[in-house]
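# Secondary and tertiary structure notes
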Amino acid sequence: MKKLRLLARRRVILMLLFLGAIVLTYTDSVRLLREQEESNRAKRDLEKHPLSKAASPQSNVLSMDHKVPLTECAYNSPKLIGPLKTDPKYIPEWDEIEVGETKNGGCWQPSDCAQRQNVAIIIPYKNREEHLRALLNTLHPILQRQNTAYCIYVGEQHDDGRFNKGAVMNSAFKEVLKEHAYDCVIFHDVDMLPEDDRNIYQCESNPVHLSPLIDKFDYKPYGTDFGGITMLRPEHFIAANGMSNLFWGWGREDDDMQFRVGRSPFNVTKPVNYEQARYKMIPHQHAWIFRNFKIRDSTTDVRFLPPEYLVKYKERSTVEGLTSVNYKNLGTDRKSLFTHLDLELRELVVDSLKTEFISSGSSQTLIDTTKKECSYIKMENTRVCEEYGHTMVLKYLRKLLLSYDDAVKKCDELGYMCTGFAEDSLGKYRLREVTQLLSSDNTPQDCNTKGKHIFHKSCPGDQSFIQVSQDLTIPISDQLTPPNYAFTHRLQE
């Protein structure tokens, strides 16, 4: 009997293994079929949206023609010097930047050999002038030693709201291709400084992640193949349908793009000179209006959409991205070191807004957002606790006690990174980065703010700041009971 039971158990196990193998084979087949379908779909997208070769002539267009026929430039130029003394703390003034023989618009091409490619470098940008100066000072000399023919474009989001890196990259890409049929496009973060000029800025047959080794991550892989600095041919970006336009704020858009590239008929590869693909990141922190992880707005942040929608890359990537980006180029300014693209992403631009209280046919203005100078409004019986008031940018200032005058001066210097300051002891204040107001009699024990009032920075007309209304006396009547007060927002012409 025991032998029969043992045989029966073995048969059951074998049957389960057999069925498991069938299920795995079927699942793998379905996966391969889906991947093939995605690849075919990407190819159809590329055929549907071909590159336009009829670029309008501009003063910074690079020409492959030379007066005298020249031999093609070597991939590893003899001008290369190897490791560089890259100092991320050094910020040159504009007149100190090494420009070489750069033409108007931030363009250059070799004169002693025929360039292998014409390269457009796109820098998505917002309020990072010091970083831009440091990058241009490092990048121009490197590209010229590499004999890389290039133009540098700085795509800047026009408004002061939350940064949308994907939409800036998509719109800048479209504007760049209107100027010239570039062979290669490189998206370059403004805070990444090359440490070696042997990491060549010229496209390969597949997209290349140019910045796999960064000092911030101890020069080890950091979990993404798209981000920092990515190099690809225009047809690659088109086939992937560009970046998503849904990510307002810093972070996660690169993860989405990694999938888009993965569903296309090519792979992201490592640089040819991998060991030389080393970068230093300029130390910085993202202010709260640029970040998505600490401070979130459920009305505008894609991360508040249902998780099942976020993971549906396949459904979104074919219809949302490069083909759907909505923008206006407010101006193209050809400077000596780069070409500046002023990109407006807002569908509706509100110059001013009034918030009014309506009662018995009369109205009372609460907030008028016509642009005015910033001031500091004292709010009694109010606290902004240390944990709520700091995210990352002001951490190094959290223990600093300042007088009122010093707090105003420092908060003004920090701009949108400072939203005001909270009383901690008599006549002493601590700066705050985020407006999260609490009543003094209803604050948690770990608030670490002892005072009874705050000074909130009020900058009417600046969408980087929460607007503060005047006090409102509400009449009590049967027709108007909480919470049914009538408020209205009116656009002003």
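Residues numbered from 1 in each chain as written. Predicted model: local features only at pLDDT ≥ 70, side-chain atom pairs only at ≥ 80, totals over all residues. Heavy atoms only, no water.

Threshold: UniProt positions are given in the numbering used here, feature names are shortened, and annotations may be inferred rather than shown by experiment.
Per an unreviewed UniProt entry, the chain is named Beta-1,4-galactosyltransferase, and its organism is Oikopleura dioica. In its Subcellular location (unreviewed entry) section, the UniProt record describing the chain reads: "Membrane". In its Function (unreviewed entry) section, the UniProt entry covering the chain states "Catalyses the transfer of galactose onto proteins or lipids."

## Focus on the pairing of strand β8 (residues 229-232)
Here is the rule we go by: Throughout, exposure labels follow a simple rule: accessible area from a 1.4 Å probe, protein chains only, divided by the maximum for the residue type, with under 20% read as buried, over 50% as exposed, and the rest as partly exposed. Only DSSP runs of H or I with at least four residues qualify as helices, and only runs of E with at least two residues qualify as strands; both kinds are numbered from the N terminus onward. Paired strands, as defined in this entry, are two strands with at least two bridges between them according to DSSP.
Residue alternation in β8 divides its side chains into two sets, Ile229 and Met231 and Thr230 and Leu232, and both sets are buried. Sheet topology note: the strand β4 (residues 184-188)/β8 ladder contains four bridges and is antiparallel. Note that in β8 the partner of Ile186 across the bridge is Met231. Pairing of strand β6 (residues 208-209) with β8, which is carried by two bridges, proceeds in the antiparallel orientation. Note on β8: the bridge partner recorded for His209 is Thr230.

## So, helix α2 (residues 129-145)
Heads up, the condition is: A helix is expected to reach a length of 1.5 Å times the quantity of its residues less one.
A rise of 1.5 Å per residue sets the reference length of α2, with its 17 residues, at 24 Å; its end C-alpha atoms lie 25 Å apart and thus fit the reference within 8%. When you tally the buried positions in α2, you get 15 out of 17 residues, the bulk of the element. Immediately downstream of α2, the backbone of Asn147 shows phi near 60°, a positive value.

## Let's talk about a nonpolar patch on the surface
Note the cut-off: Without a salt bridge and with relative accessible area above 30%, a residue can belong to a patch; like charges are then joined within 9 Å and nonpolar side chains (Val, Leu, Ile, Met, Phe, Trp, Tyr) within 5 Å. With residues, only the protein chains shown are counted as cover, and all accessible areas are computed by Shrake-Rupley using a 1.4 Å probe. A pairing counts as a salt bridge when a side-chain nitrogen of Lys or Arg comes within 4 Å of a carboxyl oxygen of Asp or Glu.
The grouping of Leu16, Phe18, Leu19 and Ile22 at the surface amounts to a nonpolar patch, some 420 Å² of accessible area in total. Residue classification places Ile22 among the partly exposed residues on the basis of a relative accessible area of 42%.

## Some remarks on the state of the cysteines
So the rule is basically this: Criterion for a disulfide: a pair of cysteine sulfur atoms at a distance within 2.5 Å.
The full count for this structure, using the stated rule, is five disulfides. The partner cysteine of Cys107 in its disulfide is Cys151, sulfur to sulfur 1.9 Å. Handedness here is read from the sign of the S-S torsion; for Cys107 and Cys151, about 115°, the answer is right-handed. On the criterion of sequence distance, the pair formed by Cys107 in strand β1 (residues 107-108) and Cys151 in strand β3 (residues 149-157) is long-range, its members being 44 residues apart. Given the relative accessible area of 1%, Cys107 is considered buried. Relative accessible area serves as the criterion here: at 0%, Cys151 is assigned to the buried category. Through a disulfide, Cys184 is tied to Cys203; the S-S separation comes to 2.1 Å.

## Describing the packing of aromatic side chains
Condition: The criterion for an aromatic pair is that two Phe, Tyr or Trp rings (for Trp, the six-membered ring) have centres within 6.5 Å, with stacked assigned to planes under 30 degrees apart, edge-to-face to planes over 60 apart and tilted to the rest. As a reminder, the over-ring test applies to NZ of lysine and CZ of arginine, requiring each to be within 6 Å of the ring centre and within 35 degrees of the ring normal.
The final tally for this structure, using the stated rule, is twelve aromatic pairs. Seen from their ring centres, Tyr153 and Tyr182 are 6.2 Å apart, and the 85° between their planes marks the pair as edge-to-face. Of the two residues, Tyr153 sits in strand β3 while Tyr182 sits in the loop between α3 (165-179) and β4, which places them 29 residues apart along the sequence. By relative accessible area, Tyr153 is classed as buried at 0%. Judged by relative accessible area, Tyr182 falls into the buried class, the value being 3%. Each ring, one from Tyr404 and one from Tyr429, has its centre 6.4 Å from the other, and the planes form 70°; the classification is edge-to-face. In this pair, Tyr404 sits in helix α9 (residues 404-414) while Tyr429 sits in strand β17 (residues 428-432), placing the two residues 25 residues apart along the sequence. Its relative accessible area of 7% is what places Tyr429 among the buried residues. Connected via pairs of aromatic rings, a cluster forms that spans Tyr376, Tyr404, Phe421, Tyr429 and Phe455. Positioned above the aromatic ring of Tyr274, the side-chain terminus of Lys270 is 4.9 Å from the ring centre. Here the basic side chain of Arg278 rests over the ring of Tyr219, its NZ or CZ set 3.8 Å away from the ring centre.

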